[in-house]
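Listed below are the residues making up each chain.
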Amino acid sequence: MLEDEGLGETYRPARLANRLGLRVMSPLLSASDEPAAAEFEGTALAGRTLFDDEGLPSVPLTLVERGVLKGRYAGRAALEPPAAPNGHSRSALENLPTPRAANLFVTADPAVPRARLRAELLRRAKEAGLDWGVVVRRLGEEDSGRSDSLLAPPLLALKVHADGREEVLEGA
């Protein structure tokens, strides 16, 4: 247990920490963090690191496998439930190192063409009584100071209409 309440809040485990072994997303999806990856499809990755900010080697981490939560980010700070540090702690200006993503890869198996994904999005939107769906194209940087959010904020989100139109959602 951490003595300092501020530190306790900073290192509070994510809401998913107690869901290891349980389904947390579609069984078609898997997610892993590859901190040592230098590029993806020819684009340099800004998250590349060989050692984390606690001096541990950065190693690949399987987070979700076919929809089931398999792992989580862990640093040297005490966590509940306990987890061994895995080389994913990073710090920001004036902040202690906190376990977080470096290069997060989400894969689909089987891979689905974009047109089919779009059709499925619109089908599900229609089932929900909507004439449109939302596609998030770009996420911003996470705010390590906020513990109430599981995801980085969207920077670019599009409202996708059945007739093929796409419009940028303001404020995303």
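Structure: see above.
Residues numbered from 1 in each chain as written. Predicted model: local features only at pLDDT ≥ 70, side-chain atom pairs only at ≥ 80, totals over all residues. Heavy atoms only, no water.

Trainee: Report on the environment of Asp-33, specifying residues and quantitative values.
Mentor: Among the secondary structure elements, Asp-33 is positioned in strand β1 (residues 29–33). Judged by its relative accessible area of 0%, Asp-33 is buried. C-alpha separation for the pair Asp-33 and His-88, spaced 55 residues apart in sequence, amounts to 8.8 Å. Setting aside anything within four residues of it in sequence, one finds Asp-33 in contact with Val-59, Pro-60, Leu-61, Leu-63, Tyr-73, His-88, Arg-100, Ala-101, Ala-102, Asn-103 and Leu-104. (Helix = DSSP H or I, 4+ residues; strand = E, 2+ residues; numbered from the N terminus. Buried < 20%, exposed > 50% of the residue type's maximum accessible area, 1.4 Å probe, protein only. Contact = heavy atoms within 4.5 Å.)

Trainee: Provide a residue-level description of the sheet that holds strand β8 (residues 104–108), including the pertinent values.
Mentor: Two orientations exist for strands paired in a sheet by backbone hydrogen bonds: parallel and antiparallel. Reading across the sheet, the four strands line up as β5-β4-β1-β8 and stay open at both edges, with antiparallel pairing between neighbours. Whereas interior strands pair on both sides, the edge strands pair on one side only; in this sheet they are β5 (68–69) and β8. As judged from the five bridges shared by β1 and β8, these two strands associate in the antiparallel manner. Considered in β8, the bridge of Ser-32 is made with Phe-105. (Pairing = 2+ DSSP bridges.)

Trainee: Describe the pattern of salt bridges, listing the residues and the values that go with them.
Mentor: Under the counting rule described, the total for this entry stands at seven salt bridges. Here Arg-118 makes a salt bridge to Glu-166, at a shortest N to O gap of 2.8 Å. Here Arg-118 is found in helix α2 (residues 114–127), whereas its partner Glu-166 is found in strand β11 (residues 166–168), with 48 residues between them in sequence. Judged by its relative accessible area of 27%, Arg-118 is partly exposed. Overall, the relative accessible area of 39% leaves Glu-166 in the partly exposed class. Across the pair Arg-124 and Glu-120 runs a salt bridge whose closest N-O atoms are separated by 2.6 Å. Highlighted residues: Arg-124 and Glu-120, both in helix α2, separated by four residues, approximately one helical turn. Given a relative accessible area of 28%, Glu-120 falls into the partly exposed group. What you see here is one network of salt bridges that share partners, running through Glu-120, Arg-123, Arg-124 and Glu-127. (Salt bridge = Lys/Arg side-chain N within 4 Å of Asp/Glu carboxyl O.)

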